[in-house]
Amino acid sequence: MDAAPEAAADDYVVLGKLTSPYGVKGWLKVYSYTDPMEGILDYPEWILVQRGTQHVYRVAGGRRHGKGLVAGLEGVETRERAEQLAGAEIRLAKQQLPRLEPGDYYWHQLEGLRVVTREGVDLGFVDYLFETGANDVLVVRGDADSRDAEERLLPFLPDEVILEVDLEAGRLTVDWDPEF
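Residues numbered from 1 in each chain as written. Predicted model: local features only at pLDDT ≥ 70, side-chain atom pairs only at ≥ 80, totals over all residues. Heavy atoms only, no water.

Chemist: How should a nonpolar patch on the surface be read in this particular structure?
Modeler: On the surface, Val14, Tyr31 and Tyr33 cluster together into a nonpolar patch covering about 300 Å² of accessible area. Considering the arrangement of structural elements, one finds Tyr31 in strand 3 (residues 27-32). Looking at Tyr31, the relative accessible area reads 48%, which means it is partly exposed. (Patch = residues over 30% accessible without salt bridge, like charges linked within 9 Å, V, L, I, M, F, W, Y side chains within 5 Å. Areas by Shrake-Rupley, 256 points an atom, 1.4 Å probe, with all protein chains shown as cover. Salt bridge = Lys/Arg side-chain N within 4 Å of Asp/Glu carboxyl O. Helix = DSSP H or I, 4+ residues; strand = E, 2+ residues; numbered from the N terminus. Buried < 20%, exposed > 50% of the residue type's maximum accessible area, 1.4 Å probe, protein only.)

Right, here's the structure in full:
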């Protein structure tokens, strides 16, 4: 365990969280936000954030267990020590994420983008995304700068609904009827 360097919260992405101890040898149950869930185990070091402090832990091992995951961390060898880490958020520096192919995006890159129709109507901003199985869905929230204060659910369908993603401009252009 090492102290993690201080950095702004937006320099990191949250990969999951530690939920509770597993067994007596210091392992923990892991709730993963990655897809596939085992992807969290591909990162050899995790930054654990808990009660305002953050520390880097090396992952000693991990595996699927039932419908979830369990992992062991170097230096965490007792159930009591694992109990102290339960509830910690697992973060990774964004620069450590794998590069994506052009046209692919991490959800955190889309969150906060302004959503504008091809006609220039501002619908609000991407608050968050969720998965439906068929496609991802953008939850767009209206605000003081948008057409109205409505919440809209837009399917993330490139070339159908999503016409352009401009990360530098902070804008997402969509083919969407503002009345929906």
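Chemist: Explain the layout of surface pockets to me, please; I cannot follow it from the model alone.
Modeler: In this approach, a probe sized like a water molecule rolls over the atoms, and the result shows the empty space that is left. Looking at the largest pocket, its volume works out to about 960 Å³. Taken together, 27 residues form the lining of the largest pocket, with Val13, Tyr33, Thr34, Tyr106 and Trp107 sitting closest to its centre. When contributions to the lining of the largest pocket are tallied by element, the ones reaching two or more residues are strand 2 (12-22), helix 2 (107-110) and strand 9 (122-131). Here the element with the most residues in the lining of the largest pocket is strand 2; it accounts for 4 residues. Grouping the constituent residues of the lining of the largest pocket by class yields 17 nonpolar, 3 polar and 7 charged. (1 Å grid on protein atoms, 1.4 Å probe; cavity = no way out; pocket = protein on both sides within 12 Å on 5 of 7 lines; lining within 4 Å. Points joined across faces, edges and corners; volume = space filled by probe spheres on them. Nonpolar A, V, L, I, M, F, W, Y, C, P; charged D, E, K, R; others polar.)

Chemist: I'm lost on the sheet that holds strand 13 (residues 171-174) in this one. Help?
Modeler: Hydrogen bonds along the backbone pair up the strands of a sheet, which may run parallel or antiparallel. Read from one edge to the other, the open sheet built from 6 strands follows the order 11-10-9-8-13-12, with strand pairing classed as mixed. Two strands lie at the open edges of the sheet, namely strand 11 (151-155) and strand 12 (162-166), each paired on one side alone. Neighbour-to-neighbour, the strand axes of this sheet turn through a mean angle of 35°, independent of strand direction. (Pairing = 2+ DSSP bridges. Axes fitted to C-alpha atoms, helices over the stretch in contact; angles between N-to-C directions.)

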